[in-house]
Amino acid sequence: TTGGTSVSTLVSAASTNATSVKASAGTIYGIQVGNTNAAARYLKIFDKASAPTPGTDTVLAQFIIPGNTAGAGSNVALPPQGLACGTGIGFAITTGMALNDTGAVGATEVCVNLEYA
């Protein structure tokens, strides 16, 4: 990308929100997440050129999204060189920490901003 990063923004549907962000190699430079459920939720990153299949595809990285009914979240710390994905960039959001978890989050419960190139 010339002149900066692109941004993928998602407000959750009642699903795992399996999302293909980029169908070719790329790098994630920033992640901001928020959650209005009392329980923590989990952002799973996949190195994949199409929408991932939670519970089946291999998770590249996972990040906790703190929970609080008034709203909680975080700016995920990534190294200065970013998080490289050699095939593509995809993500999903689940209710459980297990890497193979397939628990669906609620509608409008989680928001994700992913900055990538």
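Residues numbered from 1 in each chain as written. Predicted model: local features only at pLDDT ≥ 70, side-chain atom pairs only at ≥ 80, totals over all residues. Heavy atoms only, no water.

Novice: How would you explain the overall build of the protein if you had to name every residue and give the values?
Specialist: Across its full length, the protein holds 0 helices and 9 strands. Walking the protein from its N terminus toward its C terminus, one meets helices and strands in the order β-β-β-β-β-β-β-β-β. For the protein, the C-alpha radius of gyration of 13 Å lies close to 13 Å, the compact-globule estimate for 117 residues. Seen along its three principal axes, the alpha-carbon backbone of the protein occupies a region of about 40 × 30 × 20 Å. Counting only contacts in the protein whose residues sit at least 6 apart along the sequence, the fraction spanning at least 24 positions is 81%. (Helix = DSSP H or I, 4+ residues; strand = E, 2+ residues; numbered from the N terminus. Rg over C-alpha atoms; globule rule 2.2 N^0.38 Å. Contact = heavy atoms within 4.5 Å.)

Novice: Describe the sheet that holds strand β4 (residues 41-46), naming the residues involved and giving the relevant values.
Specialist: Within a beta sheet, neighbouring strands are joined by backbone hydrogen bonds and run either parallel or antiparallel to one another. Read across the sheet, 4 strands follow the order β2-β8-β4-β5 without closing on themselves; strand pairing throughout is antiparallel. Every interior strand has two partners, whereas the edge strands, β2 (19-22) and β5 (61-65), have only one. Taken pair by pair, the neighbouring strands of this sheet meet at an average axis angle of 25°, ignoring direction. As judged from the 3 bridges shared by β2 and strand β8 (residues 89-94), these two strands associate in the antiparallel manner. If you follow Ser20 over to β8, its bridge partner there is Gly90. (Pairing = 2+ DSSP bridges. Axes fitted to C-alpha atoms, helices over the stretch in contact; angles between N-to-C directions.)

Novice: Please provide a residue-by-residue account of the environment of Ile65, values included.
Specialist: With respect to the secondary-structure elements, Ile65 resides in strand β5. Taking the C-alpha atoms as reference points, Ile65 and Ala117, separated by 52 residues in sequence, lie 23 Å from one another. In this structure Ile65 touches Val33, Gly34, Asn35, Ala40, Arg41, Tyr42, Leu43, Ile93 and Val110, once residues within four positions along its chain are discounted.

Novice: So, the nonpolar core: which residues are in play, and what are the values?
Specialist: Note that soluble globular proteins tend to have their nonpolar side chains buried in a common cluster. Counting residues in hydrophobic clusters, the biggest one holds 22 residues, and the most contacted among them are Ile28, Ile31, Leu43, Ile45, Phe91 and Ile93. With 4 residues, strand β9 (residues 110-116) is the largest single contributor of residues to this core. (Core = buried A, V, L, I, M, F, W, Y, C linked by side-chain atoms within 4.5 Å. Buried < 20%, exposed > 50% of the residue type's maximum accessible area, 1.4 Å probe, protein only.)

Everything listed is a geometric property; what it means functionally is a separate question.
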